[in-house]
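Next come the chains, spelled out residue by residue.
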Amino acid sequence: MPMDCLVNSGLLEGQQSRTHLSHLFPLILSEIIALSKEDTSGDPVHAVLGGPEPDVDTVAATLCFALHLSQEPSGGVCVPVLCGHRCDDALPGETARYLQTVKISKSSLLWRDDIDLIRLHHRGKLSLTLLRDGLLDGSEYHTLQSSILRVVHHDGQQDAGDDGVQSAVTTVTREILQEAAEHVGAALGDTLGEALRLQSEAFWIKRGRRSSQLEELARSLELQSDVTAGRHDDAKLQDLEQQLAIELKEFSDGEMTVALTSVTTDKEDWRDYVDMLKSFSHQHDYDGLVVLLSIDDTLHHPRQQMAVYSSNSDILNQICCELEECSSWSLSGELEAKESLQLYHIP
């Protein structure tokens, strides 16, 4: 049955009837699966290549510069890529602890064998930023040269003060604060801030004093993060409300209406958006709202979730039960009735 024929088609016959809901949700589920498999493989890729070793300085600078660039309009996707191979030895202990602190799974890191830079280059789909010089061998550099935009950090750069050699993280932090301070949201602020804290501790152990440069950068980063956090949250809420309306499909019998839509976001914890979902549902007089979430925050692999919202606990339970019977997706946790929201992970 065509999707537009489902609206007002009489598939729902009362808020308490699971018999008729059972006919509705396989159709919603099939639509969700179609949305989740949309092909984006033709998008241009801007890769930030970091190396040579996966120490904290390299990993933090690579992840954060890619996150910074991903907020610029480009028409493609920006990804951080680390030199080396996924099958190599485990990450250094300090790097593993750093990733755990900033809540980034080491299994989500992208390595050179995860992305074919040469193939993307030949297809005209690659832009390449190098964290440092010397990350490509001679033949690779010659092949990819026309795709290389710049080198971010040059080893041996000196701080303006008396602190000695500048790190890749301090280079990246300074550039972002000077050229695009508005990009410093919670994810970027926390990830850079923890790296600066670790470098400050190492400086103290090595020299027996604090680094004025690192402390100044950390203060500036924290201040800017506080300034932009509220502004970013408000802008994201407005953008998400607009996205909710773009792919909207309604399923109704005239008495009860359940809506399905899809959005792209960089935020995984949708419990912060319950008020927005409540407002959107109330504005359109929906009894239930099912949202396919495509999450792409640059620091992790793209992934998908499904959010189910209803201010009516009976309807929410019915929707969740039907979706669970129609699919093998796993619940993300126990339902909190006061939030009127349930999240599912889509494998």
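Calculation notes
In this convention, every chain numbers its residues from 1, walking through the sequence in written order. With the structure being a predicted model, the display of local features is reserved for residues of pLDDT at least 70 and the display and counting of side-chain atom pairs for 80 or more, all residues being used for whole-chain, interface and lining totals. For the side-chain quantities, the full set of heavy atoms in the structure was used; hydrogens and water were omitted. Pairing of aromatic side chains requires ring centres within 6.5 Å, counting the rings of Phe and Tyr and the six-membered ring of Trp. Pairs whose planes differ by under 30 degrees are stacked, by over 60 edge-to-face, and all others tilted. Only protein chains enter the area calculation, which uses a 1.4 Å probe; residues under 20% of their type maximum are buried, those over 50% are exposed, and those in between are partly exposed. Placement of a positive charge over a ring is assigned whenever Lys NZ or Arg CZ falls within 6 Å of the ring centre and within 35 degrees of the normal to the ring plane. Take the buried residues of types Ala, Val, Leu, Ile, Met, Phe, Trp, Tyr and Cys, join any two whose side-chain atoms come within 4.5 Å, and each joined set is a nonpolar core. Where helices and strands are cited, they refer to DSSP runs of H or I of at least four residues and of E of at least two residues respectively, numbered from the N terminus. The criterion used for residue contact is that any of the two residues' heavy atoms lie within 4.5 Å. For this document, the term salt bridge refers to a Lys or Arg side-chain nitrogen within 4 Å of an Asp or Glu carboxyl oxygen.

Enquirer: Could you give me a rundown of the packing of aromatic side chains, with the residues and numbers involved?
Expert: Applying the stated criterion across every chain yields a total of one aromatic pair. Here the aromatic rings of F280 and Y286 are separated by 6.3 Å at their centres, their planes lie at 45 degrees, and the arrangement is tilted. Each member of the pair, F280 together with Y286, is buried. Note that R210 overlies the ring of W204, its terminal NZ or CZ placed 4.7 Å from the centroid.

Enquirer: So what's going on with the nonpolar core? Residues and values would help.
Expert: Counting 37 residues, the largest nonpolar core has Y98, L99, L109, V169, V172 and L192 as the members making the most contacts within it. If you list the elements that add at least two residues to this core, you get α2 (56–70), β2 (77–82), α3 (93–101), α6 (168–179), α7 (186–207) and α8 (212–246). It is α2 that provides the largest number of residues to this core, a total of ten residues. Setting aside residues no more than four positions away along its own chain, V169 makes contact with D57, A60, A61, L192, A195, L196 and Q199. Of all hydrophobic cores here, the second largest spans 18 residues; its members include L240, A259, Y273 and L343.

Enquirer: Explain the pattern of salt bridges to me, and be specific about the residues and the numbers.
Expert: Summed over the entire model, instances satisfying the criterion amount to five salt bridges. One salt bridge connects D57 with R132, and the closest N-O pair in it is separated by 2.9 Å. Of this pair, D57 sits in helix α2 while R132 sits in the loop between β3 (126–130) and α5 (138–144), and the two are 75 residues apart along the sequence. Considered together, D57 and R132 belong to a single accessibility category, that of buried residues. Note that E140 is salt-bridged to R112, the shortest N-O span being 2.8 Å.

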